Amino acid sequence: MDLTTRYMGLQLKNPLVASASPLTGELDSLKRLEDAGAAALILPSLFQEEIEAETARYEHLTSAHDDSWPEGLSNFPKLPETQHGPHQYLELVRRARQAAGVPVIASLNGVSNEGWTTYARQLQQAGAHGLELNIYFIPADLTSTGRDVEQRYLDILRSLRAAVSIPVAIKLSPYFSSVGNMALALQDAGADALVLFNRFYQPDLDLTRLQVLTDLKLSEPSEIRLPLLWLAVLSGRTRASLAASTGVASADEVVKYLLVGADVVMTTSSLLRRGPGHMATLLAGLQEWLDAREFNSLEQVRGIMSQCKLRDPQAFERANYIKILHGYRAPDRS
Ligand SMILES: Cc1cc2nc3c(=O)[nH]c(=O)nc-3n(C[C@H](O)[C@H](O)[C@H](O)COP(=O)(O)O)c2cc1C
């Protein structure tokens, strides 16, 4: 069975990728993920704020009599104790490269293009096979227009693209007015791959303590529907590779994502719930599904249910939405 695939210019032995999480931040679990079949590993993100804080610290140490330092320090948000400062992160990339026989992709997480893209060069020198860019940005400033937000994404990507020669992927938000058009703009700005989608962590309220809850919920399979829709629409219409991310629990979700055209399928929640060995279960399930239908390569199934291949392309559009609403039957409560 030929499960090979190409992702952001890299040849992978299969389409299963471990997305950024604490599991990819430790050499022991990285190795276990690779042993269980992960074809590429995305390291947890290094945050722009961590890089800026280190740069400010360095500037303070090298500039004598700098009275502005205490003030300067307060400009940085208080960061939780993270596993990886910039130095440790470079070390993680080097050690992951030495330990793993599959591509290792570093991840940068930021909100502007100032002061941190040069750091990307050091990640490349440390041996990263590629970079994944995660722009986690909530436009809470009500004067920001949609165009401003899009421009921010494009500016950051262009700076990063200019800084490195290794492939760059961008983990996309689903909250654009025109997701498809934005995907093409990012591709034209140099993205080698689009990851659909970044999962925004949304707060809830604690009604007893009247506090904002910011706890982290792992994903559920029902969440594949939004990435599934956009992968189906974009498949066959971009030069950039497409990665499916969010909601994979079993091989069923992996197969669905491949059918709509994903080049790779990423997972984190399933691995955090079941351990790194779950990668082997997903891989076995994918092979079993393909075997049972006498497919002998991934290429034979990839994208066969994407919008441009379906006989009824409206299945992914408004006409189907109307049909779904009209077809709804309330549950029998008698
Ligand atoms: C505990 C935890 C840590 C994560 N850390 C990162 C990170 O550092 N960078 C990043 O881009 N995504 C991070 N993610 C998001 C995952 O990479 C992934 O995009 C998200 O969990 C959705 O995929 P899933 O449904 O397979 O879990 C993290 C997710 C979890 C649960």
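Scroll up to find the structure this text is about.
Now for a look at the structure at hand. (Residues numbered from 1 in each chain as written. Predicted model: local features only at pLDDT ≥ 70, side-chain atom pairs only at ≥ 80, totals over all residues. Heavy atoms only, no water.)

**Considerations on the overall build of the chain**
On a plain count of helices and strands, the chain comes out with 12 helices and 12 strands. Referenced to the eigenvectors of the C-alpha coordinate spread, the extents of the chain come out at roughly 75 × 45 × 45 Å. Residues classed as buried in the chain amount to 49% of the 334 residues present. Here the contacts in the chain between residues at least 6 apart in sequence split such that 72% fall between residues at least 24 apart. A total accessible area of about 17,600 Å² is found for the chain, and carbon and sulfur atoms account for 51% of it. (Helix = DSSP H or I, 4+ residues; strand = E, 2+ residues; numbered from the N terminus. Buried < 20%, exposed > 50% of the residue type's maximum accessible area, 1.4 Å probe, protein only. Contact = heavy atoms within 4.5 Å. Areas by Shrake-Rupley, 256 points an atom, 1.4 Å probe, with all protein chains shown as cover.)

**Quick look at helix α11 (residues 278-292)**
If you check α11, its first and last C-alpha atoms are 21 Å apart, about what 15 residues at 1.5 Å a residue would give, namely 21 Å. Of all the residues in α11, the buried ones are His 278, Met 279, Leu 282, Leu 283, Gly 285, Leu 286 and Leu 290. In an axial view of α11, the angular spread of the buried residues amounts to 160 degrees, which keeps them on one side of the axis. Turned more than 90 degrees from where α11 packs its buried face, Glu 288 and Ala 292 sit exposed. In this structure, the buried side of α11 is in contact with β3 (16-18), α1 (27-35), α9 (251-259), β12 (264-267) and α10 (269-274). Taken from the residues just after α11, Glu 294 is the one with a positive phi, measuring 60 degrees. (Expected span 1.5 Å × (residues − 1). Arc of directions from axis to C-beta.)

**A few points about helix α5 (residues 117-125)**
Those residues of α5 lying buried are Thr 117, Tyr 119, Ala 120 and Leu 123. Along the long axis of α5, the arc covered by the buried residues comes to 130 degrees, so they all point the same way. A positive phi of about 115 degrees marks Gly 127, the residue just after α5.

**Topic: the sheet that holds strand β5 (residues 104-109)**
Read around the barrel, eight strands follow the order β3-β4-β5-β6-β7-β8-β11-β12 and close on themselves; strand pairing throughout is parallel. For this sheet the average axis-to-axis angle between neighbouring strands, irrespective of direction, equals 25 degrees. As paired strands, strand β6 (residues 130-134) and strand β7 (residues 168-172) are joined by four bridges and run parallel to one another. Within β7, the position partnered with Asn 134 by the bridge is Lys 171. The strands touched by helix α4 (residues 86-99) within the sheet are β4 (40-47) and β5, with β4 carrying the most contacts at an inclination of about 175 degrees. (Pairing = 2+ DSSP bridges. Axes fitted to C-alpha atoms, helices over the stretch in contact; angles between N-to-C directions.)

**Here we look at the pairing of strand β11 (residues 241-245)**
The side chains of a regular strand alternate, residue by residue, between the two faces of the sheet. Extensive coverage of β11 is indicated by the burial of five of its five residues. Neither face of β11 is open: one carries Ser 241, Ala 243 and Ser 245, the other Leu 242 and Ala 244, and all of them are buried. Bridging between strand β8 (residues 193-196) and β11 involves four bridges; their strand directions are parallel. Looking at β11, one finds that Leu 196 is bridged to Ala 244. In this structure, β11 lies alongside β12, joined through three bridges in parallel fashion. Opposite Ala 244, over in β12, you have Val 265 as the bridge partner.

**Focus: the packing of α4 against α5**
Axis separation between α4 and α5 bottoms out at 9 Å; the angle between their running directions is 30 degrees. The orientation of α4 relative to α5 falls into the category roughly parallel. Of the two elements, α4 crosses α5, and the hand of that crossing is right-handed. Contacts between α4 and α5 involve Pro 86, His 87, Tyr 89, Leu 90 and Val 93 on the former and, on the latter, Tyr 119, Gln 122 and Leu 123. Its residues assigned to classes, the contact of α4 with α5 shows six nonpolar, two polar and no charged. (Parallel < 35°, antiparallel > 145°, perpendicular 65-115°, else oblique. Left-handed = near helix turned anticlockwise from the far one by under 90°. Nonpolar A, V, L, I, M, F, W, Y, C, P; charged D, E, K, R; others polar.)

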